[in-house]
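# Fold and contact review
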Amino acid sequence: MFKPRPMQAEILKYSHGWMGVSAVPGSGKTHTLSALAAQLITQTHLKDNQEILIVTLVNSAVDNFSTRIASFIKEQGLLPDIGYRVRTLHGLAHDIVRERPEIAGVSERFNIIDEAEAGRMIEEICATYLRSHPEVENRYVKADLYPLDSRTRLQWNDTIISINTNFISQAKDWQLDPESIQERQSKFQYEDPLFTMAINTYLQYQRGLRSRNAVDFSDLVRLAYRVLVTDSDYLERLRYRWPYILEDEAQDSSQIQEQILRLLVGQGGNWVRVGDPNQAIYETFTTASPKFLKNFLVEPGVIRRDLANSGRSSRSIIRLANQLIDWTLEEHPVPELRDALTPPYIVPTEADDPQPNPPDQPNSIYVYKSKLSPDQEIGKVVESIQRWLPTHPDKTIAVLCPIGAHGEKVVAALQEADIPVVEMLKSSESTRTTCRILEKVINALADPTSPIKLAAAYAEIYLRQVNSAEEKQAVEKIRTALKNCAKLEDYLYPQPEQDWLNQVIRPNLGDEVADHLAAFRDQVIHWHQATLLPIDQLILTIASELFTRAADLALAHKIALLLEFTARIHPEFQLADFALDLGDIASNHRKFLGFSEEDTGFDPEKHRGEVFVSTYHKAKGLEWDMVYLLSVNNYDFPSAQPFDQFKGEKYFIDGQINLEAEVLAKLKALADQDATALYLEEGMATQEARISYSSERLRLLYVGITRARENLVIMWNTGKRESSQMALPLQAMAAFLEANHAAS
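Cut-offs applied
Residues numbered from 1 in each chain as written. Predicted model: local features only at pLDDT ≥ 70, side-chain atom pairs only at ≥ 80, totals over all residues. Heavy atoms only, no water. Helix = DSSP H or I, 4+ residues; strand = E, 2+ residues; numbered from the N terminus. Rg over C-alpha atoms; globule rule 2.2 N^0.38 Å. Buried < 20%, exposed > 50% of the residue type's maximum accessible area, 1.4 Å probe, protein only. Contact = heavy atoms within 4.5 Å. Areas by Shrake-Rupley, 256 points an atom, 1.4 Å probe, with all protein chains shown as cover. Lys, Arg positive; Asp, Glu negative; His and termini not counted. Charge placed at Lys NZ, Arg CZ, Asp CG, Glu CD. Salt bridge = Lys/Arg side-chain N within 4 Å of Asp/Glu carboxyl O. Pairing = 2+ DSSP bridges. Axes fitted to C-alpha atoms, helices over the stretch in contact; angles between N-to-C directions. Domains from an automatic or database assignment. Buried area = accessible area lost by both parts, 1.4 Å probe. Polar contact = N/O pair within 3.5 Å; in protein donor to acceptor, adjacent residues only side chain to side chain. Disulfide = S-S within 2.5 Å. pLDDT = per-residue confidence, 0-100. Parallel < 35°, antiparallel > 145°, perpendicular 65-115°, else oblique. Left-handed = near helix turned anticlockwise from the far one by under 90°. Phe/Tyr/Trp six-rings, centres within 6.5 Å; stacked < 30°, edge-to-face > 60°. Lys NZ or Arg CZ within 6 Å of the ring centre and 35° of its normal.

### Description of the overall build of the chain
Along the chain, the regular secondary structure elements total 31 helices and 16 strands. The globule rule puts the C-alpha radius of gyration for 744 residues at 27 Å, and the 28 Å found for the chain is close to it. Across its three principal axes, the chain shows a C-alpha extent of roughly 95 × 65 × 55 Å. Classification of the 744 residues of the chain by burial places 55% in the buried group. In the chain, 77% of the contacts between residues at least 6 apart in sequence involve partners at least 24 apart. Accessible surface computed for the chain: about 33100 Å², of which carbon and sulfur atoms make up 50%. For the chain, the distance from the average site of its 78 positive side-chain charges to the average site of its 103 negative ones is 3 Å.

### Examining the pattern of salt bridges
Side chains that differ in sign of charge can pair as their charged atoms come close. A complete count under the given rule lists 46 salt bridges for this structure. Arg212 serves as the salt-bridge partner of Glu117, at 3.8 Å between the closest nitrogen and oxygen. Placement of the pair is Glu117 in helix H6 (residues 115-132) and Arg212 in the loop between helix H10 (193-211) and strand E5 (214-215), with a sequence separation of 95 residues. A residue is classified by how much of its surface remains accessible, and Glu117, at 23% relative accessible area, is partly exposed. The exposure class of Arg212 is partly exposed, given its relative accessible area of 37%. One salt bridge in this structure joins Arg262 and Glu299, with 2.8 Å as the shortest N-O distance. Of the two residues, Arg262 is situated in helix H13 (residues 255-265) and Glu299 in the loop between helix H14 (291-297) and strand E8 (303-307); the sequence distance between them amounts to 37 residues. Here Arg262 falls in the partly exposed class, since its relative accessible area comes to 29%. Overall, the relative accessible area of 23% leaves Glu299 in the partly exposed class.

### Quick notes on the sheet that holds strand E3 (residues 84-88)
With parallel pairing, six strands are arranged side by side in an open sheet as E3-E2-E6-E7-E1-E8. Only two strands of the sheet have a single neighbouring strand rather than two, namely E3 and E8. Each strand of the sheet is rotated relative to its neighbour by a mean of 15 degrees, with strand direction disregarded. In this sheet, strand E7 (residues 270-275) lies alongside strand E6 (residues 244-247) in parallel orientation, the contact comprising four bridges. Residue pairing in the sheet places Ile245 in a bridge with Trp271 of E7. With respect to the sheet, helix H3 (residues 59-75) is in contact with strand E2 (52-56) and E3, its orientation differing from that of E3 by roughly 165 degrees. Packed onto the sheet, H13 meets strand E1 (18-23), E2, E6 and E7 and runs at close to 150 degrees relative to E7.

### A word on the domain arrangement of the chain
Each assigned domain of the chain is listed with its residue range as follows: domain 1 (6-99 + 221-307), domain 2 (113-212), domain 3 (362-426 + 600-658 + 689-743) and domain 4 (429-590). Inter-centroid distance (C-alpha atoms) of domain 2 to domain 3 is 34 Å. Each partner contributes to the interface: domain 2 provides eight residues, whereas domain 3 provides five residues. Considering only the surface of domain 2 that becomes buried against domain 3, Tyr140, Lys142 and Thr159 emerge as the three largest contributors, covering 54% of it. Taken together, the links from domain 2 to domain 3 amount to zero salt bridges. In this assembly, domain 2 and domain 3 are joined by five residue pairs in polar contact (both at pLDDT 80 or more). Per element, the largest residue contribution to the side of domain 2 that touches domain 3 is four residues, and it comes from helix H8 (residues 150-173).

### Focus on the sheet that holds strand E13 (residues 421-424)
Taking strand neighbours across the sheet as the criterion, the six strands line up as E11-E16-E15-E12-E14-E13 in an open arrangement whose pairing is parallel. Edge positions in the sheet fall to strand E11 (365-367) and E13, since each of these pairs with one other strand and no more. This sheet shows a mean twist of 20 degrees between the axes of neighbouring strands, independent of strand direction. Each of E11 and strand E16 (708-714) touches helix H15 (residues 315-330); the most contacted strand, E16, lies at about 55 degrees to it. Across the sheet, helix H30 (residues 684-705) is in contact with strand E15 (624-629) and E16; its angle to E15 comes to roughly 145 degrees.

### Re the state of the cysteines
On inspection of all chains with the given rule, the structure shows zero disulfides. Of all cysteine sulfurs, the one in Cys401 lies closest to Cys435, which takes part in no disulfide; the gap is 20 Å.

### A look at the environment of Val298
Counting through the fold element by element, Val298 comes out in the loop between H14 and E8. Between the C-alpha atoms of Val298 and Leu463, which are 165 residues apart in sequence, the distance is 60 Å.

### Here's the deal with the confidence of the model for the chain
Per-residue confidence for the chain averages 91 on the pLDDT scale, and 96% of its residues sit at or above 70. Scored below 50 in pLDDT, residues 591-600 makes 22 contacts in the model with residues more than four places away or belonging to other chains.

### A closer look at the packing of H8 against helix H28 (residues 659-672)
Packing of H8 against H28 leaves a shortest axis separation of 10 Å and a crossing angle of 25 degrees. Considering their axes alone, H8 and H28 lie roughly parallel with respect to each other. Both H8 and H28 take part in a crossing whose hand is right-handed. Across from Trp156, Ser162, Ile163, Asn166, Phe167, Gln170 and Ala171 in H8, the residues of H28 making contact are Leu659, Glu660, Val663, Leu664 and Leu667.

### Considerations on unusual backbone geometry
Cis geometry marks the peptide bond from Tyr146 to Pro147, where omega comes out at -5 degrees. Summarising the element assignment, Pro147 is placed in the loop between helix H7 (134-140) and H8. Look at the link from Pro343 to Pro344: it is a cis peptide, with omega at 15 degrees. Mapped onto the secondary structure, Pro344 falls in the loop between H15 and strand E10 (347-348). Of note in this structure, Gln175 is not a glycine but carries a positive phi near 60 degrees. For Gln175, the location among the structural elements is in the loop between H8 and helix H9 (178-187). Judged by its relative accessible area of 29%, Gln175 is partly exposed.

### Quick notes on the packing of aromatic side chains
Counted under the stated rule, the structure contains 18 aromatic pairs. By way of ring pairs, the aromatic residues Phe167, Tyr190, Phe195 and Tyr679 are connected into one cluster. A cation sits over an aromatic face here: Arg98 above Phe110, 3.9 Å from the ring centre. Directly above the aromatic system of Phe637 lies the positively charged group of Arg697, at a separation of 5.4 Å from the ring centroid.

Below you can see the structure in the form of structure tokens.
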């Protein structure tokens, strides 16, 4: 039986009207909102054709809410699956469009394309456009970088794809179709090669969707809004069907989500919005913004409630999280960032609470202030875990990194130390291993005279097969021999008088090694011959000789399809370019869905004694006994200072501007038909993006801290260029901890 805390009880007094709830981490908001839904179902005398509508963020939350509400209802002796509907925003939009496809402007049998397919369409459109419009690249890429190397070329292409993808998503959130943007561009006589490209991409993308009788997820929401504003009778029926709407994770609401829910609620309707503005961490990647919940909480007529009690973390960790809020509000050197974090502060639970805070322990929080390289930081983490884990085998532990590439290195280091690992990164460890092997082989084939690259391919293939230190040493010895081969043709295509195997390897390493390398030579020669094939067939040829597990072969097939698509849109690509693509997946720079466990509904309690490795973003909603926060420097957590560097400002873009921010600012100006904003000096949007990004990273740091229950270690590193510094908020927290320790 649920015994609510006093603040939870206040929320359960709700009966009608509009209410906004600001819920701190670990406050039990899902449980409270589920209890409220069950209470409304059992006490408000719903008609047979009426439901409580609960709107949440992700599919795993749909199942969570459904299970909890059903449990509450069964406690009342009622049927558990009647009287409520739980939907994500996209699920709700899908229901609406399916019911009224003729108003939405789609056929009854329309398809929905996923993000991967949408991404491939946009990538193909962008590649075609860039080939015929070199003025886009000439306008923005630094002239002194020409000719662009393969890595810069790939990053430029990825930047363009990201800009166009987000342009389309934002335009749809603002209800702008490509034709209306073109009309406004013409009206205001605004000319910019990249902006014109984005409009063209949007136009071609929508034509591609229509030819497939398909919509994307942004279209679903946009078309649902169109249905609601067009068909007032249907809207009234929905208002009757859903007399109460409860919205979870409202800090991640977007403009169009709020517009849809306001329409469904109506002036006299009942609406409860629950969220935590301090945990709004998706603004950079999506159209979400915490401003919608913040504004709602102070809107006239809205009942404001706080869920501030939390039993998740120890009192010391709570004090640190609250101190970060205080420092941001009162001492942050940039005034525009002082509202990035706001009250309510986290309040520990009472002593008799069913979820009491973990007991405080001496030195339960540690800030590692010393200057470390990224690799040194990982080494310190591994050493610390090696000491901690054996004495805490029943505890949960997590290592959180800002980006997946750093997390992948953490996984590798932990595995090297024989520490059990569970990961939730962009691609799984098995995916990365397969891609890394294929990358090294393709690299060697791209440069057939390089003994170093062939040695790297050999080591990547055979090191994963070793089972002992002796076997590893043997592989390393062969790798060294291959690297030192003066002329690779003497190994691969020897003349009788210049046979490297017989003249160097047999006398020095023995017949067994020589025979082994002869077999490897046959494989390499076969792969050289196969380079005449298209890239997808080459990948499948190599995979068929290297892999025997069905999962690896299936993964290789997916990789082959991906590279075949890349070859179609980039006909100029050489083998080295495809190797770069594979390297991005292997290094966690690019998302690739392999065959790994789904991360929805992940439960840390099922992995006690194992180290969970993830990004900060994917850790949201989860908690562990021990948490390591890595890379808290002024690159991953900037504070809008002159010496900070920002990920959105690419090194190859002229003028050190955030190209994506600049383009989206022009789109916003056209959406508002604001000529002044449209012609603002280049760089203004970049400055605003720095503030927005720094604000979000403060919240991301807060989320990281509040994942910890008992122990917390925070570290920083100097970054890839060895120029990063300790993040300003971490400096403030370190000073706070030192002052408290001195006072105690």
